[in-house]
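Results of the structural survey
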Protein chains: 2
Amino acid sequence: MNNFKEITGGVTAAKGFEAAGIYCGIRKAKKDIAIIRSVVPAKVAAVFTLNKTLAAPVVLDKLVLNRSNRCSAIVVNSGNANACTGEKGFGDAERMAELTAKSLSIPKDEVLVASTGVIGQYLPMDVIETGIREVAAILSPNGGDDTAEAIMTTDTFAKTCTVSFEIGGKQVIIGGIAKGSGMIEPNMATMLAFITTDVNIEDSLLQKVFRKGINRSFNRISVDGDMSTNDMAVILANGLAENGEIVESTDEAMLFESALDHVVISLAKMIARDGEGATKLVEIEVKGAASHKDAVMAARSVANSNLVKTAIHGEDANWGRILAALGYSGVDLFPEQIELSMNDLPILGKGYTILIDEIKAKAALSEKNISLSINLNQGNDSATFWTCDLTKEYIHINASYRS
Amino acid sequence: MNNFKEITGGVTAAKGFEAAGIYCGIRKAKKDIAIIRSVVPAKVAAVFTLNKTLAAPVVLDKLVLNRSNRCSAIVVNSGNANACTGEKGFGDAERMAELTAKSLSIPKDEVLVASTGVIGQYLPMDVIETGIREVAAILSPNGGDDTAEAIMTTDTFAKTCTVSFEIGGKQVIIGGIAKGSGMIEPNMATMLAFITTDVNIEDSLLQKVFRKGINRSFNRISVDGDMSTNDMAVILANGLAENGEIVESTDEAMLFESALDHVVISLAKMIARDGEGATKLVEIEVKGAASHKDAVMAARSVANSNLVKTAIHGEDANWGRILAALGYSGVDLFPEQIELSMNDLPILGKGYTILIDEIKAKAALSEKNISLSINLNQGNDSATFWTCDLTKEYIHINASYRS
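Not measured: the values here are computed from a predicted model. (Residues numbered from 1 in each chain as written. Chains lettered and ligands numbered in written order. Predicted model: local features only at pLDDT ≥ 70, side-chain atom pairs only at ≥ 80, totals over all residues.)

**Describing the overall build of chain A**
Put simply, the rule is: Where helices and strands are cited, they refer to DSSP runs of H or I of at least four residues and of E of at least two residues respectively, numbered from the N terminus. Between the two quantities, the radius of gyration covers C-alpha atoms and the globule rule is 2.2 Å times the number of residues to the power 0.38. Residue burial is a threshold on neighbouring C-beta atoms within 10 Å of the residue's own C-beta, all placed from the backbone, with 20 or more meaning buried, 12 or fewer meaning exposed, and counts in between meaning partly exposed. What counts as a contact here is a pair of residues whose C-beta atoms, placed from the backbone, lie within 7 Å.
Of the regular secondary structure elements, chain A holds 11 helices and 16 strands. Here the C-alpha atoms of chain A give a radius of gyration of 21 Å, agreeing with the 22 Å that 2.2 N^0.38 yields for 403 residues. C-alpha atoms of chain A, sized along the principal axes, occupy 65 × 55 × 35 Å. The buried share of chain A, reckoned over its 403 residues, is 63%. The contacts of chain A with a sequence gap of at least 6 include a subset with a gap of at least 24, amounting to 81%.

**Quick word on the relation of the copies chain A and chain B**
Keep this limit in mind: To superpose the copies, least squares is applied to the C-alpha atoms of every residue with a pLDDT of at least 70 in both.
Least-squares fitting of chain A to chain B yields an RMSD of 0.0 Å, with the transformation described by 0.0 Å of translation along the axis and a rotation of 180°. Classification of the inter-copy transformation places it as that of a two-fold axis. In terms of proximity to the rotation axis, the leading residue of chain A is A:Lys392, whose C-alpha is 2.4 Å off the axis. When the interface residues of chain A are mapped onto chain B, 100% of them again fall at the interface, so both copies present the same face.

**Concerning the domain arrangement of chain A**
Residues and elements named next belong to chain A. Note the following rule: Where each domain begins and ends follows an automated or database-derived domain assignment. When residues are sorted by character, Ala, Val, Leu, Ile, Met, Phe, Trp, Tyr, Cys and Pro go into the nonpolar class, Asp, Glu, Lys and Arg into the charged class, and all the rest, Gly among them, into the polar class.
Domain annotation for chain A reports domain 1 (4–273) and domain 2 (281–398). Computed over C-alpha atoms only, the centres of domain 1 and domain 2 are separated by 32 Å. Each partner contributes to the interface: domain 1 provides 12 residues, whereas domain 2 provides 11 residues. For the side of domain 1 that touches domain 2, the secondary structure elements donating two or more residues are strand E9 (221–222) and helix H6 (251–273). Among the residues making up the side of domain 1 that touches domain 2, the classes are represented as 5 nonpolar, 4 polar and 3 charged.

**As for the interface of chain A and chain B**
At the junction of the two partners, chain A supplies 52 residues and chain B supplies 53 residues. Those elements giving two or more residues to the side of chain A that touches chain B turn out to be helix H8 (306–313), helix H9 (319–327) and helix H11 (392–398) of chain A. Per element, the largest residue contribution to the side of chain A that touches chain B is 8 residues, and it comes from H9(A). Here the residues of the side of chain A that touches chain B are counted per class, giving 21 nonpolar, 23 polar and 8 charged.

**Let's talk about the nonpolar core**
Heads up, the condition is: Each nonpolar core reported here comprises buried Ala, Val, Leu, Ile, Met, Phe, Trp, Tyr and Cys residues connected via C-beta atoms within 7 Å.
Counting residues in hydrophobic clusters, the biggest one holds 282 residues, and the most contacted among them are A:Ile35 and B:Ile35. Those residues within four positions of A:Ile35 in sequence are excluded, and the remaining contacts are A:Ala19, A:Ala20, A:Ala73, A:Ile74, A:Val75, A:Thr100, A:Val135, A:Ala136 and A:Leu139.

**Observations regarding the packing of helix H7 (residues 292–303) of chain A against H9(A)**
Residue and element names in this part refer to chain A. In plain terms, the rule: Fitted lines through C-alpha atoms give the axes, limited to the stretch in contact for helices. The angle between two N-to-C directions lies from 0 to 180 degrees. Here the word oblique covers every angle except those under 35 degrees (roughly parallel), over 145 (roughly antiparallel) and from 65 to 115 (roughly perpendicular). Take the far helix as the reference: if the near one is turned anticlockwise from it by less than a right angle, the crossing is left-handed, and if turned clockwise, right-handed.
One can describe the packing of H7 onto H9 by two numbers: an axis separation of 8 Å at closest approach and a directional angle of 130°. Considering the angle they form, H7 stands oblique to H9. H7 and H9 meet at a crossing whose hand is right-handed. Within the contact between the two elements, H7 uses Ala298, Ser301 and Val302 and H9 uses Ile322, Ala325 and Leu326. Its residues assigned to classes, the contact of H7 with H9 comprises 5 nonpolar, 1 polar and no charged.

**So, the pairing of strand E15 (residues 369–375) of chain A**
A regular strand carries its side chains on alternate faces of the sheet. All names here are of chain A. For clarity, the threshold we go by: Any two strands between which DSSP finds at least two bridges are classified as paired.
In terms of strand pairing, strand E11 (residues 281–289) meets E15 through 7 bridges, oriented parallel. Of the residues in E15, the one forming a bridge with Lys287 is Asn375. As defined by bridge partners, strand E12 (residues 339–342) adjoins E15 across 4 bridges and the pair is classed as antiparallel. Note on E15: the bridge partner recorded for Met342 is Leu372.

**Describing the sheet that holds E12(A)**
Residue and element names in this part refer to chain A. Overall, mixed pairing links the 7 strands, which are arranged E9-E16-E11-E15-E12-E13-E14 in an open sheet. Because the sheet does not close on itself, it has two edges, and the strands there are E9 and strand E14 (353–354). Where E12 lies against strand E13 (residues 345–349), 3 bridges are found, and the strand directions are antiparallel. Bridge assignment links Met342 to a residue of E13, and that residue is Leu345. Sheet contacts for H7: E9, E11, E15 and strand E16 (381–388); angle to E16, the most-contacted strand, approximately 20°.

Set out below in structure tokens:
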């Protein structure tokens, strides 16, 4: 039972946030530039890709966040990742920040920049400059949906989740948007996620809770095992809900954490479900692990197995492939101890006892939501991971993405 | 310039080896059981999968090789991997060895067993027992090709390579066969490889040279990143060429090593080329690495990237995906230092200098053999890796393999 309820609105649902997303002409005829703004400087926490090949906006944002702990606006474009673009690319990212700052009359160090799309091409700065001026002029408290649309690339639906709850008699809102949908792998995916909240929260607690949330959500999804150059997740907290500042180890902190988890896990699951070419969302729960690290490694190995993912696509309960993926996960496990079920249907018991009812298994796998439950029977730790099936459509999309 | 020449014959080309492969009825109407025999007990070296989920024949062979350092026969079936089959599976593997030993009147500890195919089903021992008796009765010095066929699963062609050369005035032959073609990943793939040679070589040197050869061949290929439960590579050396025993650090040792490398690298490349659904063989050379380990990690990361492999399938020189895969390889590299070429066509220079001629690149990528050359410009170490493109046919095959 949650103490929060889902509402609509995304990044503009919380007090004091405005946004807009429009088409400026970067690639395809879809919305491709957006600005999210807090009317007062907000506390900010951010997590970036671990890829060594860092896109220019990621390099810039890391520098900015070293200097500044407040953020008033995020400018984001889709269609071009501004990655592998060297000094010129870095200058272009800086220019995006400058123009946004100027258009909104805020300091440049309060602007973060994000890009997503094709790697290795320079940004078309002419259309982007015009686009930034245009979008900055129409920011509105109703712009959340357009913004969610504007950050999409091969995503087939906009990803947004918003919750409302009470803290100390005040209504607090957390709203988020995200985009996938290829190059998705734990430790951030080709994904962008922007979360806004009007909560009043201690700075250090915001950092901590956000990082924990990311580790339980965006770092637990995989579409193709490819880690992007551009990933980032950012939360802005502007305090306009006027609750008493939330500090660590309080009921309010726990409530905020669970509400934030709900938002980021919901967005992460949407990304997995909307993986390129995907037809199924696959939830992988590993329990009975000797450590949390083991549970994550085991789940990730299954989530990244092309053979498991094609079998699920073929609605074939090919548990042998799951055992193989667990076997090469790097976890020191005992395969004959493993128990396995799919959508609550027992598949395998200890000692390789085959429990599968092929007809029921086939029926279970025809569902859009597949849950694999794996018990390693080695300890008490667990982890959940989300992925999707691997389909011909994935190949189709990615064999022709750039050209 | 090599001091050896390619001949035909595979595992029965060397003196004193006989083999046969027949259909016994395990799954499909294709040859599915084979025996390779040395008429005198041979020295033996073997490398097995690192998967913790070990198939029964792998468990058995490891035990046998702990007791015995001579091998007279290998019995192998395709169509069923005898993996995740517990005690019954282990008993079935033992029974295969016993029957083979009995049929050939050799000690049971001189028999190795190999299986490949679907995981998690018991072997149909009735047809296998009959099959072993039948195939044992028709072993012949001309059975190499039938044996190569009998070990195939989803392979589209039989993989065989044989070389002949002189050592100390004696003709020496090394012949090998292998099978792929899904669940193929470094540290052995779902692959079996059997090499026979009549060379007379010191036992310890055979172990060492074989392990080195495996590390340069079968451990450098990847089809889908899935590591199998059944992989093994075995070499038998029966000494019947009657050359003076080869010992370490001699010209003869080097000659044998280079000839063996030729056989195992040729077989490994055939496996990569024949990856499930593959239309192209992709060779990835990483040079300028700070260490050999770095070179291997970087090459493996590119080889396992679904996005790189779909781009190559689409004949799209999407170098950004290669940079991204290098960036998450775990190597501490400097992406702006990387130089990249495809089939000798410069694609990217230092400082992200884009050198690509898209029309020429498209033409180069229409070839069946694609070579990516990546210079990290960090040091002097290098490594070569082989993989294939990722296609809709891979999905088709693997979404319907078991059923």
